[in-house]
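# Report on the structure
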Amino acid sequence: IPVGVFVNEDLENIKSLIAKLDLKTIQLHGNENDDYINSLKINTNLKVIKTVSVQNISDFKKLNNFNKNDYFLLDYKPEINELPGGNSKQFDWSILKNLKISKPWFLSGGINTDNIVVIKSQIEPYAIDLSSSMEKKLGIKENENINNFMEKFYNA
């Protein structure tokens, strides 16, 4: 399923792109709030993934600020001067143990063939986002990386 990824994008611009590209799912990776999400979802079947940046367990309180999204994406909290995503860095996944989240959630940040076994056996997210770890260079996915990951994923 193609997913449109946006960071603090103008609401009307996103609505235009959703219509133009016939997007069914979008990921919001910025400071968007529930009102913004609700505005996108009015009269549509659009699914919204809201990213929450995580550094420590107190960051999970931010999940309570969102009711209109369909999914959460838990990602590494970027440092100053880092991109809001795509850093191939992970937060301390051990803080996810025994965490109860009211909606299905995706895990993102630093996922690769070396840690897929840990993800499958200990974390068990609804889905994973591997984007930047599959790139041979910025924005260019490497088929070999994707194939190696999928093979290890299904054999783990």
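Attention here is on the structure that accompanies the text. (Residues numbered from 1 in each chain as written. Predicted model: local features only at pLDDT ≥ 70, side-chain atom pairs only at ≥ 80, totals over all residues. Heavy atoms only, no water.)

## Considering the overall build of the protein chain
Counting its regular elements, the protein chain contains four helices and eight strands. In the protein chain, the succession of α and β elements from N to C terminus is β-α-β-α-β-β-β-α-β-β-β-α. Here the protein chain holds 156 residues, and 40% of them are scored as buried. Put simply, the protein chain shows about 9,400 Å² of open surface, and 48% of that area lies on carbon and sulfur atoms. (Helix = DSSP H or I, 4+ residues; strand = E, 2+ residues; numbered from the N terminus. Buried < 20%, exposed > 50% of the residue type's maximum accessible area, 1.4 Å probe, protein only. Areas by Shrake-Rupley, 256 points an atom, 1.4 Å probe, with all protein chains shown as cover.)

## Observations concerning the packing of helix 1 (residues 11-21) against helix 2 (residues 34-41)
Closest axis-to-axis distance for the helix 1/helix 2 pair is 10 Å, and the angle between their directions is 30 degrees. In terms of crossing hand, the pair formed by helix 1 and helix 2 is right-handed. From helix 1, Leu-11, Ile-14, Lys-15 and Ile-18 reach across to helix 2, where they touch Tyr-36, Ser-39 and Leu-40. (Axes fitted to C-alpha atoms, helices over the stretch in contact; angles between N-to-C directions. Left-handed = near helix turned anticlockwise from the far one by under 90°. Contact = heavy atoms within 4.5 Å.)

## Focus on helix 1
You can read the cap of helix 1 off the contacts: a side-chain oxygen lies 3.2 Å from the backbone nitrogen of Glu-12, and it is on Asp-10. Once helix 1 ends, the next one or two residues include Asp-22, with phi positive near 55 degrees. (Polar contact = N/O pair within 3.5 Å; in protein donor to acceptor, adjacent residues only side chain to side chain.)

## Brief notes about the sheet that holds strand 5 (residues 105-108)
Strands sit in the order 1-2-3-4-5-6 across an open sheet of six strands; the sheet is parallel. The sheet terminates laterally at strand 1 (3-6) and strand 6 (127-129), the two strands that pair on one side only. The mean angle between the axes of side-by-side strands here comes to 25 degrees, regardless of whether they run parallel or antiparallel. Contacting strand 2 (25-28) and strand 3 (47-54), helix 2 crosses the sheet at an angle of about 165 degrees to strand 2. (Pairing = 2+ DSSP bridges.)

## Structural notes on helix 3 (residues 116-123)
Every buried residue belonging to helix 3 is among Ile-116, Ile-119 and Ile-123, and all of these are buried. Taken around the axis of helix 3, the buried residues stretch over an arc of 95 degrees, which confines them to a single face. Packing partners of the buried residues in helix 3 comprise strand 5, strand 6 and helix 4 (143-155). Backbone geometry just after helix 3 places Glu-124 at a positive phi near 55 degrees. (Arc of directions from axis to C-beta.)

## With respect to the packing of aromatic side chains
Here the structure, examined in full by the defined rule, presents four aromatic pairs. Taking the centre distance of 6.4 Å and the plane angle of 70 degrees together, the rings of Phe-66 and Phe-72 count as edge-to-face. Aromatic rings pair up to connect Tyr-71, Phe-106 and Tyr-126 into one cluster. (Phe/Tyr/Trp six-rings, centres within 6.5 Å; stacked < 30°, edge-to-face > 60°.)

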